[in-house]
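Structural features, examined
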Amino acid sequence: MFQEMLGKKYEAYLAFIRKAMIKDQIEARGVKDQRVLAAMQQVCRHCFVTEDMVSRAYEDYPLPIHSGQTISQPYIVALMSELLALTGGERVLEVGTGSGYQTAVLAELAAEVDTVELNPALAHDAKEKLGKLGYKNINFRTGDGALGWPERAPYDAALVTCAAAEVPPELVKQLKSGGRLVIPVEGIAGQELRLITKTAAGLESRTICAVRFVPMMGAK
Ligand code: SAH
């Protein structure tokens, strides 16, 4: 009983500091999309970190997860989600499921999310966790995300959470016309976040900011 009470109080405290994180670190840095801000409030980031990191879940830093990978920084998750300009009806491809945190945010924002993870242990844990949290609009695949998910393409939007040496052509191919791809790419001076839009006239590419992601592995 006492533990249950303490647990409830702690959950309320975590929701409170999550709200503060969104106001002070995400809105304050320029993220405006109200649906993205609401999704960031909805998803319990502390559910996706290791137990020893729960108290640090609402600091604006990436944190270690299993297998030497990291859960992305909340501001970057919000920024990348906003760049996709989702309105709710979209089918989205995600590459690099990792902890599943960004996947959950996307699942709040779009109709359906297909997520691909190279590491089978991470893919397994993320699937179990997102299932327990009640998400029913996420499909999981273990494999090389640079190849996308051709059987389920085309996509309205795609988001990559590991840094690629170059933009994988398959991901562009699997976008619908008008579709948007957000991806960290190795540049001359380090990684840069790019927003690529597929138009009838070809590809438009915009560099957004410098970022630091784990490298994309096993890509061709
Ligand atoms: N968005 C995740 C970030 C995970 S880190 C989160 O917030 O938790 C990046 C992930 O990309 C790692 O889990 C890593 O295993 C995965 N990854 C690396 N190369 C990949 C590839 N070629 N295909 C799919 N996933 C890959």
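Residues numbered from 1 in each chain as written. Predicted model: local features only at pLDDT ≥ 70, side-chain atom pairs only at ≥ 80, totals over all residues. Heavy atoms only, no water.

1. Side note on the layout of surface pockets
- Taken as a whole, the largest pocket spans an internal volume of roughly 540 Å³.
- Together, 35 residues line the largest pocket, and Gln 69, Thr 70, Thr 161, Cys 162 and Val 214 are the ones closest to its centre.
- Among the secondary structure elements, those contributing two or more residues to the lining of the largest pocket are strand E2 (70–71), strand E3 (91–95), helix H4 (101–109) and strand E4 (112–117).
- For the lining of the largest pocket, a count of residues per class yields 17 nonpolar, 14 polar and 4 charged. (1 Å grid on protein atoms, 1.4 Å probe; cavity = no way out; pocket = protein on both sides within 12 Å on 5 of 7 lines; lining within 4 Å. Points joined across faces, edges and corners; volume = space filled by probe spheres on them. Helix = DSSP H or I, 4+ residues; strand = E, 2+ residues; numbered from the N terminus. Nonpolar A, V, L, I, M, F, W, Y, C, P; charged D, E, K, R; others polar.)

2. Some thoughts on the environment of Ala 39
- In this fold, Ala 39 is placed in helix H2 (residues 34–42).
- You can call Ala 39 buried: its relative accessible area is 3%.
- For the pair Ala 39 and Ala 104, spaced 65 residues apart in sequence, the C-alpha separation works out to 8.6 Å.
- Not counting residues within four places of it along the chain, the set of residues in contact with Ala 39 comprises Val 105, Glu 108 and Leu 109. (Buried < 20%, exposed > 50% of the residue type's maximum accessible area, 1.4 Å probe, protein only. Contact = heavy atoms within 4.5 Å.)

3. A few points about the state of the cysteines
- Counting across every chain of the model gives 1 disulfide.
- With a sulfur-sulfur separation of 2.1 Å, Cys 44 is cross-linked through a disulfide to Cys 47. Taking the torsion about the sulfur-sulfur bond, which here is approximately -110°, the covalent link between Cys 44 and Cys 47 counts as left-handed.
- What makes Cys 44 buried here is its relative accessible area of 13%.
- Taking relative accessible area as the criterion, Cys 47 reaches 22% and is therefore assigned partly exposed.
- A disulfide-free cysteine, Cys 162 has its sulfur positioned 16 Å from the sulfur of Cys 209, the nearest such atom.
- According to the relative accessible area criterion, Cys 162 is buried, its value standing at 11%. (Disulfide = S-S within 2.5 Å.)

4. Quick notes on the sheet that holds strand E6 (residues 155–160)
- Across the sheet, which stays open at both edges, the 7 strands sit in the order E5-E4-E3-E6-E7-E8-E9 with mixed pairing between neighbours. Each end of this open sheet is capped by a strand with a single partner; those strands are strand E5 (138–142) and strand E9 (202–210). Looking at each pair of strands side by side, their axes are set apart by 20° on average, direction ignored.
- For E6 and strand E7 (residues 175–187), the ladder comprises 4 bridges, and the chain directions are parallel. Within the sheet, the bridge partner assigned to Ala 157 lies in E7 and is Arg 180. (Pairing = 2+ DSSP bridges. Axes fitted to C-alpha atoms, helices over the stretch in contact; angles between N-to-C directions.)

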